[in-house]
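Chain by chain, the residues run as shown.
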Protein chains: 2
Amino acid sequence: MEPSVHHIWKRLSHRLHRTLILPKRSNSGHPEHAAVSASSHSRCIKPSLLVSRLYQPSHLRDVGQDSRLAGEMTCKSQMLMQQAGLIHPSNPGCYYYLPAMVRSMEKLVRVIDQEMHEIGGQKLDMPSLCSADLWKTSERWDLMGKELFRLKDRHGADYCLGPTHEEAVTTLVAHQANLSYKQLPLLLYQITRKFRDEPKPKFGLLRGREFYMKDMYSFDVSEEAAHHTYRSVCQAYMRLFARLGLRCVQVNADTGNIGGTLSHEFQLPADIGEDRLLVCGDCSFSANVETLSLDRTDCPQCKNGKLIESKGIEVGHTFYLGKKYSHIFKASFSNQENKPTVAEMGCYGLGVTRILAAAIEVMSTEEGICWPGLIAPYQVCVLPPKKGSKVDNAVVLAEELVHTVGEAIPHLRNEVVLDDRTQMTIGKRLKDASRLGYPYVVVVGQAALEETPKFEVICQKTGETTFLSKEAVLDLLGGVETV
Amino acid sequence: MEPSVHHIWKRLSHRLHRTLILPKRSNSGHPEHAAVSASSHSRCIKPSLLVSRLYQPSHLRDVGQDSRLAGEMTCKSQMLMQQAGLIHPSNPGCYYYLPAMVRSMEKLVRVIDQEMHEIGGQKLDMPSLCSADLWKTSERWDLMGKELFRLKDRHGADYCLGPTHEEAVTTLVAHQANLSYKQLPLLLYQITRKFRDEPKPKFGLLRGREFYMKDMYSFDVSEEAAHHTYRSVCQAYMRLFARLGLRCVQVNADTGNIGGTLSHEFQLPADIGEDRLLVCGDCSFSANVETLSLDRTDCPQCKNGKLIESKGIEVGHTFYLGKKYSHIFKASFSNQENKPTVAEMGCYGLGVTRILAAAIEVMSTEEGICWPGLIAPYQVCVLPPKKGSKVDNAVVLAEELVHTVGEAIPHLRNEVVLDDRTQMTIGKRLKDASRLGYPYVVVVGQAALEETPKFEVICQKTGETTFLSKEAVLDLLGGVETV
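This structure is a prediction, so every number in the text was calculated from the model and none was measured. (Residues numbered from 1 in each chain as written. Chains lettered and ligands numbered in written order. Predicted model: local features only at pLDDT ≥ 70, side-chain atom pairs only at ≥ 80, totals over all residues. Heavy atoms only, no water.)

Attention now goes to the pairing of strand S11 (residues 275–280) of chain A. All names here are of chain A. Note that S11 and strand S13 (residues 307–322) share six bridges and pair antiparallel. Bridging from a neighbouring strand, valine 279 pairs with isoleucine 308 of S13. When S11 meets strand S12 (residues 286–288), the two strands line up antiparallel, connected through three bridges. Within the sheet, the bridge partner assigned to leucine 278 lies in S12 and is alanine 287. Here S11 hands over to S12 after five residues, the two strands then running antiparallel side by side. (Pairing = 2+ DSSP bridges. Helix = DSSP H or I, 4+ residues; strand = E, 2+ residues; numbered from the N terminus.)

Laid out in structure tokens, this is it:
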């Protein structure tokens, strides 16, 4: 708790000395009823922007102490996300994504869309049900073993639930009649739910059985062009992580069952990471240990540097596939001489739900979530004083502030919530706010009632608390980037 | 083809008298290369906004004549959507949604989000894998029969792929500790892929096995409050269809295997519709024939009117569920006396992919797609003259127009495409444009080269063609609504 807030908090009176004018739901709780019974201010604030109305635990608890969930707790991000009501466990390795989480995920999806669009990516959406025939053609039906969820339809036909879509996309492109070299490179991607029957799902969203992934597939006229596309995607990935403020290392990687001859992983260094990386102290070289002989300690690139081991969470993976799939499924285009030519392919994955969990894992403390600002569920939380306190007429000013921010800064209109749980102390609500991770918290208290009203603004990133006039608050928040 | 365009088209020369300055991809086709080799104008136009670069059939054909697909053709919307490259068939009842389709679907999702948000809906995302235990508890594991896709995980545990999520959402809310009456009504919804093993998938996206659905679930303090919520959702559905310009009828419906005591369907009248409706000629009464005795011809509401039969495509369905699921799964809240009370529920579905197909079905002709303007994949297509024609220096003006519209009308920035396939005649490209369904097509030809440049604007909705100055074009397009 910030000292200044503590100061205000200590002065809070617990006497109920007048009826609270904050928006109250009628018993039936309908917005129409509420609008009639509530003050003129509350009409400006949508129910979805009142903390009391958000679907999340009404009092954030330490879920580590909750016996129902304790057995499954395995890492910080999972604990924080369950505690904050971002996720709720379902079947092993499957989670409900609750409203605040969906907001963050949709923001992350928009950032990914922007970066993919920037390099010419076109978004499509492929079926989850993949026919066994397709996977038998690529021989992955057997190769994938138990990781593949398999099922039969009512006619007895075999399907799997797609964990990745090389087969599906390649056969799609193969059916594109008259594909011309002029249409290449073709970069097709989707952001959809994927399925993988992990033997031991763990670490919450870091290793689940049902998750969201962005998978992109590229088709090029030549190996050279395909390498160019490959680099362009890797650069887009690095830009993406930079925009999120996440330190990411691009390491040489094994190609696994996807195949191909060139592969990189995008790793966020973290103790919980399941991947072991070797990073050169002298040059840019870095690699997954899988790709090196086990006892190697000298750098194969600069020959000088010593390799230092660290752990990482894999958040992206790129593969240059060559003609592995395009040959099998006959994905070809007409070249300049109008001759059918097999396309060169690459595939590129980003773990969408995994990035969210990994970001929380590496940026947060045990006490609360710190988000990459751009994708925080909400940017600002405004805290009015406790009901019945000496300064509770500042409640109106808090509502006005929410309204003014929405009017003055259109891109923050749905980004500011009012913590109207004024039966709780400022201190308790501040603790909740820091657990949920709002980039900015504005406390409206004593200082807001003074002749020159001041608002106490806590910036999560810097940890700084400042008292600002309304204009200065608007100035500060006007600079907040959203997506 | 419009007469005025025909006039221009006839005058087109086929001689190639200079190098085309339209953006050309280099052989390797990379954006970086293109920027170097292309004109200054083309740099302003993203590859994704050039028709030649869009992932769609390079020449739209009548797929009815395509033997590979002919066997599966069953209705107008399916034919039009395949022909335009919106969808591509995969397994029976499963489709690839191609880039233009994904754009429309994302727009429709935004409209749905807005309307759900407006009535206090909060978006979440539930797992597709639903445990058999949950479905056995509600007895639907047996009741659903072969419509349920079933599978086992590697440990032999039984799952189904959720076609709907009453069980999942009710058990989620049941796990919400200390849910208070103050937090109700609670409206939780998701827009996700659903699975249903249809015996005979048909009519493209109208009856598939894998599809997108918006499913919302409401929790209320009392029957009265639940009815209020029910009406509020029905009103939101009617507003949604009104915004899309779709005539929708809300009819009394059977509750089927979902259960409950009150239900409505939202039907778009259409010959292809699988539902039979009876609509009163005198009053507002309308019902699915399933809910009435078969030989009934007089209206049960006004007693006077005669019931007229029509066919409809069901695009939405609402159910008042009472305590059916909340009782089984113990979803309760603390009432004003702090006593645990079982919540009253409702559930509300919208077929997202089905709305797209149904809209095309009812609004389009056999010749081409007419979209609800708000959710058309792109709002405007600009057609430069044919390469080598007498007026092909107007190409620059077409590129400039795309650029200017993007600068002057920010909300249209990614909504204007340039049909740079200038090896094709204006006539052929116009035909493609009318098949794809752009609300506005702007032909840049002879008139654009005159002293007061004029652009030929074709409005799909009114069918009108007008010659407008650049300012008038910007004025007209500035009024186009987007989402």
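To continue, consider the sheet that holds strand S17 (residues 380–383) of chain B. Residue and element names in this part refer to chain B. Pairing within the open sheet is mixed, and its five strands lie in the order S18-S17-S19-S20-S21. Among the strands making up the open sheet, the edge pair consists of strand S18 (416–418) and strand S21 (465–468). Pairwise comparison of adjacent strand axes, ignoring direction, gives a mean angle of 25° for this sheet. (Axes fitted to C-alpha atoms, helices over the stretch in contact; angles between N-to-C directions.)

Looking now at the pairing of strand S19 (residues 440–443) of chain A. All names here are of chain A. By the alternation rule, side chains of S19 split into Tyr440 and Val442 and Val441 and Val443, which are all buried. Across four bridges, strand S17 (residues 380–383) lies against S19 in parallel orientation. In the strand pairing of S19, valine 382 is matched with valine 442. Where S19 and strand S20 (residues 455–459) come together, four bridges link them in antiparallel fashion. Pairing of tyrosine 440 across the sheet is with cysteine 459, part of S20. (Buried < 20%, exposed > 50% of the residue type's maximum accessible area, 1.4 Å probe, protein only.)

Turning our attention to the nonpolar core. Ranked by size, the top nonpolar core spans 99 residues in total, and within it Leu86, Tyr97, Phe241, Val382, Tyr438 and Leu477 of chain A carry the most contacts. It is helix H5 (residues 99–118) of chain A that contributes the most residues to this core, nine residues altogether. Two domains each donate at least three residues to this core, and these are domain 1 (3–59 + 377–478) and domain 2 (102–362) of chain A. Those residues in contact with valine 382 of chain A that lie beyond four places of it in its chain are Ala398, Leu401, Val402, Val416, Val417, Leu418, Asp419, Val442 and Val444 of chain A. If you look at the next biggest cluster of nonpolar residues, it comprises 98 residues, including Val111, Ala358, Val441 and Val442 of chain B. (Core = buried A, V, L, I, M, F, W, Y, C linked by side-chain atoms within 4.5 Å. Domains from an automatic or database assignment. Contact = heavy atoms within 4.5 Å.)

Take the side chain of glutamate 361 of chain A next. All names here are of chain A. Along the chain, glutamate 361 falls in helix H11 (residues 352–363). Lysine 76 provides the closest opposite charge to the buried, salt-bridge-free glutamate 361, at an N-O distance of 4.9 Å. Once residues within four sequence positions are removed from consideration, glutamate 361 is found in contact with Cys75, Lys76, Ser77, Leu206, Ile272 and Ile313. (Lys, Arg positive; Asp, Glu negative; His and termini not counted. Salt bridge = Lys/Arg side-chain N within 4 Å of Asp/Glu carboxyl O.)

The next thing to look at is the relation of the copies chain A and chain B. Of the transformation superimposing chain A on chain B, the axial component is 0.0 Å and the angular component is 180°, with the fit at an RMSD of 0.0 Å. Those values place the two copies in the arrangement expected of a two-fold rotation axis. Taking the C-alpha atom as reference, chain A places leucine 151 of chain A closest to the rotation axis, 2.6 Å from it. Interface residue correspondence from chain A to chain B reaches 99%, placing this contact among same-surface, isologous pairings. (Least-squares fit on C-alpha atoms with pLDDT ≥ 70 in both.)

We now examine the interface of chain A and chain B. Where interface size is given, it is often the accessible area lost as the parts come together that is meant. Chain A puts 85 residues into the contact, and the matching count from chain B is 87 residues. Between chain A and chain B, a total of about 7600 Å² is buried, with carbon and sulfur atoms accounting for 51% of that surface. Counting the surface chain A buries against chain B, the share from its top three residues, Tyr55, Tyr96 and Arg154 of chain A, is 11%. Counting the contacts that link chain A with chain B gives six salt bridges. Its salt-bridge partner being lysine 123 of chain B, residue glutamate 106 of chain A comes within 2.6 Å of it at the nearest N-O pair. For the pair chain A and chain B, the interface holds 40 residue pairs in polar contact (both at pLDDT 80 or more). When residues of the side of chain A that touches chain B are assigned to their parent elements, the largest contribution, seven residues, is made by H5 of chain A. The residue makeup of the side of chain A that touches chain B, split by class, is 36 nonpolar, 27 polar and 22 charged. (Buried area = accessible area lost by both parts, 1.4 Å probe. Polar contact = N/O pair within 3.5 Å; in protein donor to acceptor, adjacent residues only side chain to side chain. Nonpolar A, V, L, I, M, F, W, Y, C, P; charged D, E, K, R; others polar.)

Quick look at the sheet that holds strand S18 (residues 416–418) of chain A now. Residues and elements named next belong to chain A. Reading across from one edge, S18-S17-S19-S20-S21 is the order of the five strands in this open sheet, with mixed pairing throughout. Across the chains shown, the open sheet's two edge strands, defined by having one partner strand only, are S18 and strand S21 (465–468). The average angle at which neighbouring strand axes cross in this sheet is 25°, direction not considered. Helix H12 (residues 395–408) rests against S17, S18, S19 and S20 of the sheet, and its axis sits at about 165° to S18.

Below, the discussion takes up helix H12 (residues 395–408) of chain B. All names here are of chain B. For H12, spanning 14 residues, the distance from its first C-alpha to its last is 20 Å, which sits close to the expected 20 Å at 1.5 Å a residue. Every buried residue belonging to H12 is among Val395, Val396, Ala398, Glu399, Leu401, Val402, Val405 and Gly406, and all of these are buried. Those residues of H12 that are buried lie in contact with S17, S18, strand S19 (440–443), strand S20 (455–459) and helix H14 (470–478). (Expected span 1.5 Å × (residues − 1).)

Time to look at the confidence of the model for chain A. Residue and element names in this part refer to chain A. The predicted model of chain A averages 87 in pLDDT, with 86% of residues at 70 or higher. Counted against residues more than four places away or in other chains, residues 1–43, with its pLDDT under 50, gives 98 contacts. The low-confidence segment residues 64–70, where pLDDT is below 50, has six contacts with residues more than four positions distant or belonging to other chains. Taken together, the chains of this predicted complex give a pTM of 0.90 and an interface ipTM of 0.89. (pLDDT = per-residue confidence, 0-100.)

Here we come to the side chain of serine 104 of chain B. Mapped onto the elements of the fold, serine 104 of chain B is located in helix H5 (residues 99–118). Residues contacting serine 104 of chain B, with those up to four places away along its chain left out, are Leu356, Trp371, Ile375, Ala376 and Pro377 of chain B.

Residues and elements named next belong to chain A. One can describe the packing of H5 onto helix H9 (residues 223–243) by two numbers: an axis separation of 10 Å at closest approach and a directional angle of 145°. The hand of the H5/H9 crossing is right-handed. Facing H5, whose interface residues are Val111, Ile112, Gln114, Glu115 and Met116, H9 presents Ala236, Tyr237, Arg239, Leu240 and Arg243. The residue inventory of the contact of H5 with H9, partitioned by class, reads six nonpolar, one polar and three charged. (Left-handed = near helix turned anticlockwise from the far one by under 90°.)

Okay, the packing of aromatic side chains next. Given two aromatic rings, one states the distance between the centres and the angle between the planes to describe the pair. Residue and element names in this part refer to chain B. Scanning the model with the defined rule gives six aromatic pairs over all chains in all. A centroid spacing of 6.0 Å and a plane angle of 50° characterise the contact between tyrosine 230 and tyrosine 348, whose relative ring orientation is tilted. Of the two residues, tyrosine 230 sits in helix H9 (residues 223–243) while tyrosine 348 sits in strand S16 (residues 344–351), which places them 118 residues apart along the sequence. A single burial state applies to tyrosine 230 and to tyrosine 348, both of which are buried. (Phe/Tyr/Trp six-rings, centres within 6.5 Å; stacked < 30°, edge-to-face > 60°.)

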